[in-house]
Amino acid sequence: MLKDFLKTVFLWDLVQGMRLTFRYQFKKVVTMHYPDKEKWVPYDRFRGLHYQAVDEEGELKCVACELCARICPAGVITIEAYEDDKGVRRPSVYEMDLHRCAYCGLCVEVCPEDAINHGAGYEFAGFDRADAVMSLEKLLKNKPNETDPEKMGTVASARFIRDKDGIRVEEDGKKRYRWW
Amino acid sequence: MEALLASDIFWVVFKSFLAVAIIFGLPLPFTWLERKIAGHIQVRPGPMRVGFHGVLQPIADGLKLFLKEDIIPTGADKFLFKAAPFMALIPYIAIFVAIPMSDEAYVSNMDIGVLYVLAIGGLSIYGIIMGGWASNSKYALLGGLRAAAQMISYEVAMGFAVIGVIMMAQSLNMQDIVLAQQGGFLNWNIMPHKQLIAFFIFMVAGFAEANRIPFDIPEGEGELGAGFHTEYSGMRFALFALAEYAAMISISALAAVLFLGGWTSPVGFLDFVPGIVWFVLKTLFMVYLFMWTRFTWPRYRYDQLMTLGWKFLIPLGVANVLITGLFVIDF
């Protein structure tokens, strides 16, 4: 009874809370310093920016069957097809308006030629709405360059660069750690 | 007489400017400090991008607030609306006049220092009530009224806490109160055989006076928008924020003087360190306590606040005065 009264008067519960927050102040900060110093390298399974795959001869895999355009719930993909000199159906226009894309991965799943794929990219903020509309040329460039599964799912040290080629965050390869 | 006037006036003006500069200058680094402490309590770094570890962040924020439009709502009482932020800030600068930073560094050594501080400190509530009233907004008005009720409740408790200290020192003079605590930390008023309970009451009431969490119900953003400064923007809003920090600094300095031995050193062999260093360290510790508390505790509900004030703190304060009286009395 008296104990309870004293606990109320001297705000004992709150004092316990203060002990906890005091200890927390000396814990290691969990923030990832993106984009200034660090950058996240996604896993293989990550559904990032799409890319168009090419075969061993450097030929586009896509045969413009338009299955991806049909299955896309948001109508992201626009395809116009033509017949090339070997008599194969190819896309003359393959555009993805990524503003509408939900990264559901249906286009990747449905593709019979494994042509459209999810890459690892997640940095495509732009100053113009046209920047997020991916043409065939842009989609070919998006293939992720990280193939080492050991390096996937890590935080890599990086630099923030702002020059005439635009703004980007590049890994500098100095440090790499798993965040957990 | 003439010679005395010229140099005296110079010193008074100089010291006053210094006091104002301190009160105006300190909130900038303190906002940074507060956000850093908030960050580290929540296991994140806080401001990091403007300058080294974000030290220039408050300057960027100040510039932003300075450039913002100063909106006066239609239907507002223009004069009161404009005057309120200054009314909230100036009393805390005036408080600083009476606080001795060392045995020599003070603006004014009044014989009724403690009374002066309590009286002037109570004035700043007018700024908040005026701001709440003049805004012509229900949220602002409710915030102002809450501030008034809170002030009335907690000023009493604070008064009782200070009476204990005055009884120990047998003087209202701040210098005398510090001198009564001389001779190591065992003689400080915070020690259990001195005025620990009064210190506790003083700090709780101080949190309420400064409108800081857990007693920031005049702002109460959960239920009142932003409380009394809902309608304020730009520089006038910044002045209210400044007043909050000035209040925090003043109450911290006051606590340092009344309970932590002011400018005296905690242990005898550290006496060579100048008194002002001890004063600043103690004040900083109290400021840290304010910030640490802010990011630990939730806000009190209005009725809980009143319960704590009237049912616990004031009876405790009265009991403390009586017990102190028993021990101090010279049989």
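As a reminder, the structure under discussion sits directly above these lines.
Going along each chain's sequence as written, the residues are numbered from 1 onward. Here the convention is simple: chains get letters from A, ligands get numbers from 1, in the order in which they are written. Only residues with pLDDT of at least 70 get local features here, since the model is predicted, and only at 80 or more are side-chain atom pairs given and counted; chain-wide, interface and lining totals rely on the full set of residues. Hydrogens and waters are ignored; side-chain quantities use all the structure's heavy atoms.

Visitor: Where do I start with the pattern of salt bridges in this structure?
Guide: Should the charged atoms of two oppositely charged side chains come close, the side chains can pair. By salt bridge we mean one thing: a side-chain nitrogen of Lys or Arg within 4 Å of a carboxyl oxygen of Asp or Glu. With the rule as written, the count across this model stands at 18 salt bridges over all chains. B:Arg212 is the salt-bridge partner of B:Glu34, the closest N and O atoms lying 2.7 Å from each other. One end of the pair, B:Glu34, is in helix α2 (residues 27-41); the other, B:Arg212, is in the loop between α8 (196-209) and α9 (221-224), and 178 residues separate them in sequence. For each residue, the accessible area found with a 1.4 Å probe, counting protein chains only, is set against the maximum for its type, and the residue is called buried under 20%, exposed over 50%, and partly exposed in between. On the basis of relative accessible area, B:Glu34 is assigned to the buried category, the value being 2%. Several salt bridges converge on common partners, so that one network encompasses A:Arg159, A:Asp163, A:Arg168 and A:Glu170. Strands are runs of DSSP state E lasting at least two residues, helices are runs of H or I lasting at least four, and both sets are numbered from the N terminus onward.

Visitor: I'm lost on the interface of chain A and chain B in this one. Help?
Guide: Listed per partner, the contact involves 21 residues of chain A and 23 residues of chain B. By buried area we mean the combined loss of accessible area, with a 1.4 Å probe, across both parts when two parts are placed together. Buried area between chain A and chain B, summed over both chains or domains, comes out near 2,000 Å², and the portion from carbon and sulfur atoms is 74%. On the chain A side of the interface with chain B, the three residues burying the most area are A:Leu11, A:Met18 and A:Gln25, jointly 30% of the side's total. Where B:Arg49 meets A:Asp36, a salt bridge forms, and the shortest distance between an N and an O atom there is 2.8 Å. Whenever two N or O atoms come within 3.5 Å, that pair is a polar contact, provided that in protein one can donate a hydrogen and the other can accept it, and provided that, for residues adjacent in sequence, both atoms are side-chain atoms. Taken together, the links from chain A to chain B amount to seven residue pairs in polar contact (both at pLDDT 80 or more). Counting residues per element, the side of chain A that touches chain B draws most heavily on helix α2 (residues 12-24) of chain A, at six residues. Of the residues assigned to the side of chain A that touches chain B, the class counts are eleven nonpolar, six polar and four charged. Any two residues whose heavy atoms approach within 4.5 Å at even a single point are treated as in contact. For this classification, the nonpolar set comprises Ala, Val, Leu, Ile, Met, Phe, Trp, Tyr, Cys and Pro, the charged set comprises Asp, Glu, Lys and Arg, and every other residue, Gly included, is treated as polar.

Visitor: Just checking my understanding: could you explain the layout of surface pockets for this structure?
Guide: Using a probe with the size of a water molecule, rolled over the atoms, empty space left in the structure can be pinpointed. A pocket, in this scheme, is an open set of points on a 1 Å grid over the protein atoms alone with protein on both sides within 12 Å along at least 5 of 7 lines, while a cavity is a set where a 1.4 Å probe fits but cannot get out; residues line either one if an atom lies within 4 Å of a point. Grid points are joined across faces, edges and corners, and a volume is the space filled by probe spheres set on the points. The volume enclosed by the largest pocket comes to roughly 1,400 Å³. In terms of lining, the largest pocket is formed by 40 residues, of which the most central are A:Lys39, A:Leu49, A:Gly121, A:Tyr122 and A:Glu123. Residue assignment for the lining of the largest pocket shows that the elements contributing at least two residues are β1 (38-41), α5 (136-141) and β8 (166-177) of chain A. The biggest single contributor to the lining of the largest pocket is β8(A), with six residues. Taken together, the residues of the lining of the largest pocket sort by class into 20 nonpolar, eight polar and twelve charged. Here the bounds of each domain stem from an automatic or database domain assignment. Viewed by domain, the lining of the largest pocket spans two of them, domain 1 (26-41 + 153-180) and domain 2 (45-145) of chain A, each represented by three or more residues. Estimated volume of the second largest pocket: approximately 910 Å³. In terms of lining residues, the second largest pocket is bounded by 30 residues, among which B:Thr31, B:Leu65, B:Phe237, B:Ala241 and B:Tyr245 are the most central. Those elements giving two or more residues to the lining of the second largest pocket turn out to be α2, α3 (57-67) and α10 (234-258) of chain B. Of the residues assigned to the lining of the second largest pocket, the class counts are 16 nonpolar, four polar and ten charged.

Visitor: Is there a simple way to think about the packing of α2(B) against helix α11 (residues 275-294) of chain B in this case?
Guide: Between two packed helices, both the angle of their axes relative to each other and the distance between the axes serve to describe the pair. All names here are of chain B. Axis definition: a line fitted to C-alpha atoms, over the contacting stretch in the case of helices. Angles run 0 to 180 degrees between N-to-C directions. As a packed pair, α2 and α11 sit with axes 10 Å apart at the nearest point and diverge in direction by 50°. Compared by their axis directions, α2 and α11 come out oblique. Both α2 and α11 take part in a crossing whose hand is right-handed. In this structure, α2 contributes Phe30, Leu33, Glu34, Ile37 and Ile41 to the contact, and α11 contributes Leu284, Val287, Tyr288, Met291, Trp292 and Arg294. Of the residues in the contact of α2 with α11, the class split is nine nonpolar, no polar and two charged. By definition in this entry, angles of less than 35 degrees are roughly parallel, angles greater than 145 are roughly antiparallel, angles of 65 to 115 are roughly perpendicular, and the rest are oblique. A clockwise turn of the near helix away from the far one marks a right-handed crossing, whereas an anticlockwise turn of less than a right angle marks a left-handed crossing.

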